[in-house]
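Each chain, letter by letter, is given below.
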Number of protein chains: 2
Amino acid sequence: MRDSEIREIRSLAIFAKMADEAFDRLCRGAYVQTFPPQIELITEGEPSDFLHVLSEGRVEMFARWNGRETTMALLRPVTSFILAATVRDRPYLMSARTLEKSRIILLPSEDVRAIFEEDAAFARAVVTELATDYRNVVKNTKNLKLRSSIERLANYLVRRQDRAEGARTFQLPVEKRKIASLLGMTPENFSRALRTLGEYGVEIDGLTVTIRDREDLVHFAKPTPLIDDPST
Amino acid sequence: MRDSEIREIRSLAIFAKMADEAFDRLCRGAYVQTFPPQIELITEGEPSDFLHVLSEGRVEMFARWNGRETTMALLRPVTSFILAATVRDRPYLMSARTLEKSRIILLPSEDVRAIFEEDAAFARAVVTELATDYRNVVKNTKNLKLRSSIERLANYLVRRQDRAEGARTFQLPVEKRKIASLLGMTPENFSRALRTLGEYGVEIDGLTVTIRDREDLVHFAKPTPLIDDPST
DNA sequence: CCGAATTTTTGATCCAGATCAAGTCCCCGT
DNA sequence: ACGGGGACTTGATCTGGATCAAAAATTCGG
């Protein structure tokens, strides 16, 4: 593993405070791999042999049942993923695929669990991470159950604008069909919903979004930190 | 706190392995309260001052947004709830109300966090609990996004029968409207879906369900451990 | 730069599930 | 036992969103 990668991992909240010795041991068993786009990195149901860290590129988490498929999350560097499966030593609940050429760091789950037993700082960080993830999934459930699809889209755009530091114009992070699936809607419905939001000052050109009147959009979207703030 | 209650809490996986000293300290600050039915124990958005343990009775977790409300979970003894909010010292994401007369043990969140910092066994147990909870919410999301409402209901009944150790006849745990909301459907739609499942050998009389032909129902429901097994 | 494949949009239609409106049933307190 | 209120069911209707179909716009490999 490159020095830059080691520093990268180290900077993740989950690894930041653990003892050097433990961190070194974790890195010893780790390896890095670069994948082309559209590679299925992990498949739901399989044993969780590695904790994954996305170092470069883009990854989609998704799930399948009975011939259907839905996007569960879109990841960008630097993030770890499938921590819960690793910790519990249980099969993956979600699958993951690269959306573009991506570099993934693989940490053997056994090592992660072993070091977790020994290093208290690491254990605490894992708790914080899992609690945060848990709360984000709960927020997502509320989003799905309490809002219509157009409301979810409106709030998604508001959040995107926040992420773009409030810029009037910003880019959607991935193709629309993925965002549609993430929000629990079809591409067709997504497209129409976007047009409908034109009434509230949303303009769209390809992946470029312009929010003409944020006030107006927010008034419609009615965001709340209890659903829409990913940090709390 | 009564001796029986102390033993009760102690038997929860999350508290089972911690040091006696730490456990005693946790109990010292704890107190117990009995609530009548329909009392809102906690309200989303409020600071998470206590980790709650349901000792007797029944509790509903629910969430509100923009005048709408949805059931998030139904709890029965003995369970802790809102662990993630406590650990992260963040506002509750869900509200909770008693469905019947209930006894609740309240553990000051500050104590929980303090002891969590000191007692490694407790920290590990918290991780396991959070990872399990996280995975259950993910399963729930898959259930919501990948299945129609009648498929969710069919799988719910299969799970219920499992919980009743496979008995042909068993009782629904709460009023139907709550189950409907939990499954993300209206009471009317719930009622009709139940009738529709008659085709697959489901009979209903009040809260009493009889599964005439489990094979048939399972064939329709297509359960998978990656959604329907709460233990993995 | 061209052609093929994929995504996106638009239109038409369909359907699952919501809403509205009445009953009916059941529980519960007096 | 009776009356009242909520829960449940049933029917009628409506609608958000899905599906089907087919252009239009993009992307990408060669």
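Quick caveat, the model's predicted, so the values are computed rather than measured.

K.L.:
Mind laying out the pairing of strand β11 (residues 208-211) of chain A, listing which residues take part and the relevant values?
P.N.:
Residues and elements named next belong to chain A. As paired strands, strand β9 (residues 169-171) and β11 are joined by three bridges and run antiparallel to one another. Its bridge partner being in β11, Gln171 is matched across the sheet by Thr208. The pairing of strand β10 (residues 202-205) with β11 spans four bridges and is antiparallel. The residue bridging Val202 from the neighbouring strand is Ile211, located in β11. From the end of β10 to the start of β11, which pair antiparallel, there are two residues, and Gly206 there has a positive phi angle of about 65 degrees.

K.L.:
Lay out the protein's contact with DNA strand D in plain terms, naming residues and giving numbers.
P.N.:
Neighbouring DNA strand D are 15 residues, the closest being Ser149 and Arg192 of chain A together with Lys176, Arg192 and Arg195 of chain B. Put simply, 68% of the atoms of DNA strand D that lie within 4 Å of the protein are in sugar or phosphate. Between a phosphate oxygen of DNA strand D and a side-chain N or O atom of Thr186 of chain A, the distance comes to 3.1 Å. Of all the secondary-structure elements, those providing two or more residues to the surface near DNA strand D are α9 (187-196) of chain A together with α8 (176-182) and α9 (187-196) of chain B. Among the elements that line the surface near DNA strand D, the one with the most residues is α9 of chain B, at four residues. Across the surface near DNA strand D, the residue classes break down as one nonpolar, six polar and eight charged.

K.L.:
Let's hear about the nonpolar core: which residues, and what values?
P.N.:
Of all hydrophobic cores here, the largest spans 103 residues; its most connected members are Phe15 and Met61 of chain A together with Phe15 and Met61 of chain B. The element contributing the most residues to this core is helix α6 (residues 120-146) of chain B, with 11 residues. Residues in contact with Met61 of chain B, not counting those within four places in the same chain, are Ile42, Thr71, Met72, Ala73, Leu75, Phe81, Ile82, Met94, Ser95 and Ala96 of chain B. Core analysis: the next-biggest nonpolar cluster, separate from the first, contains 25 residues, Leu157, Val158, Val174 and Ile179 of chain A among them.

K.L.:
Which residues make up the relation of the copies chain B and chain A, and what values go with them?
P.N.:
Mapping chain B onto chain A calls for a rotation angle of 180 degrees and an axial translation of 0.0 Å; the resulting RMSD is 0.0 Å. Here the transformation between the copies is reduced to the relation of a two-fold axis. Comparing contact sets, 100% of the residues at the interface of chain B also lie at the interface in chain A, consistent with an isologous, same-surface contact.

K.L.:
Residues and numbers for the packing of aromatic side chains, please.
P.N.:
Here a ring pair, both rings aromatic, is described through the centre-centre distance and the interplanar angle of the planes. Residues and elements named next belong to chain A. With the rule as written, the count across this model stands at eight aromatic pairs over all chains. With a centroid separation of 5.8 Å and an interplanar angle of 10 degrees, the aromatic rings of Phe15 and Phe122 are classed as stacked. Of this pair, Phe15 sits in helix α2 (residues 13-16) while Phe122 sits in helix α6 (residues 120-146); the two residues are 107 residues apart in sequence, bridging distant segments of the chain. Residue Phe122 is classed as buried on the basis of its relative accessible area of 0%. A ring pair is formed by Tyr31 and Phe50, whose centres lie 5.7 Å apart and whose planes are at 90 degrees; its orientation type is edge-to-face.

K.L.:
Before we move on, can you summarise the interface of chain B and chain A with the specific residues and values?
P.N.:
Listed as interface residues are 55 residues of chain B and, on the opposing side, 55 residues of chain A. Approximately 4,800 Å² of surface area, both sides summed, lies buried where chain B meets chain A, with 71% of it carried by carbon and sulfur atoms. At the boundary of chain B and chain A, one finds six salt bridges. A salt bridge links Glu117 of chain A to Arg124 of chain B; its shortest N-O distance comes to 3.0 Å. Our count for the chain B to chain A interface comes out at 24 residue pairs in polar contact (both at pLDDT 80 or more).

K.L.:
For the pattern of salt bridges, give the residues involved together with the corresponding values.
P.N.:
Scanning the entire structure with this criterion turns up 39 salt bridges over all chains. The salt bridge involving Asp228 of chain A is made with Arg159 of chain A; its shortest N-O contact spans 3.9 Å. With a gap of 69 residues between them, Asp228 of chain A in helix α11 (residues 225-228) and Arg159 of chain A in helix α7 (residues 149-163) connect regions that are remote in the sequence. The buried category is assigned to Asp228 of chain A, whose relative accessible area is 8%. Across the pair Glu60 of chain B and Lys178 of chain B runs a salt bridge whose closest N-O atoms are separated by 3.0 Å. Linking Glu60 of chain B in strand β4 (residues 59-65) with Lys178 of chain B in helix α8, this pair joins segments that are 118 residues apart in sequence. For the pair shown, Glu60 of chain B and Lys178 of chain B are each scored as buried. Here the salt bridges do not stand alone but share partners, grouping Glu40, Glu60, Arg64, Glu69, Arg97 and Lys178 of chain A into one network.

K.L.:
An account of the side chain of Lys142 of chain A is needed here, citing residue identities and associated values.
P.N.:
When you line up the elements, Lys142 of chain A lands in helix α6. Relative accessible area serves as the criterion here: at 0%, Lys142 of chain A is assigned to the buried category. In this structure, Lys142 of chain A is in contact with Arg147, Leu226 and Ile227 of chain A together with Glu44, Ala63, Met72 and Leu93 of chain B, ignoring residues within four places of it in sequence.

K.L.:
Before we move on, could you go through the protein's contact with DNA strand C and cite the residues and values that matter?
P.N.:
Neighbouring residues of DNA strand C: 15 residues in total, closest Lys176, Arg192 and Arg195 of chain A together with Ser149 and Arg192 of chain B. For DNA strand C, the backbone portion of the atoms within 4 Å of the protein, that is sugar and phosphate, comes to 68%. Here Arg192 of chain A contributes a side-chain N or O atom positioned 2.9 Å from a base nitrogen of DNA strand C. Residue Ser149 of chain B places a main-chain N or O atom 2.9 Å away from a phosphate oxygen belonging to DNA strand C. Elements with a minimum of two residues in the surface near DNA strand C: α8 (176-182) and α9 of chain A together with α9 of chain B. Considering every element that reaches the surface near DNA strand C, the biggest residue donor is α9 of chain A, with four residues.

Scoring rules and cut-offs
Residues numbered from 1 in each chain as written. Chains lettered and ligands numbered in written order. Predicted model: local features only at pLDDT ≥ 70, side-chain atom pairs only at ≥ 80, totals over all residues. Heavy atoms only, no water. Pairing = 2+ DSSP bridges. Helix = DSSP H or I, 4+ residues; strand = E, 2+ residues; numbered from the N terminus. Near = heavy atom within 4 Å. Polar contact = N/O pair within 3.5 Å; in protein donor to acceptor, adjacent residues only side chain to side chain. Nonpolar A, V, L, I, M, F, W, Y, C, P; charged D, E, K, R; others polar. Core = buried A, V, L, I, M, F, W, Y, C linked by side-chain atoms within 4.5 Å. Buried < 20%, exposed > 50% of the residue type's maximum accessible area, 1.4 Å probe, protein only. Contact = heavy atoms within 4.5 Å. Least-squares fit on C-alpha atoms with pLDDT ≥ 70 in both. Phe/Tyr/Trp six-rings, centres within 6.5 Å; stacked < 30°, edge-to-face > 60°. Buried area = accessible area lost by both parts, 1.4 Å probe. Salt bridge = Lys/Arg side-chain N within 4 Å of Asp/Glu carboxyl O.

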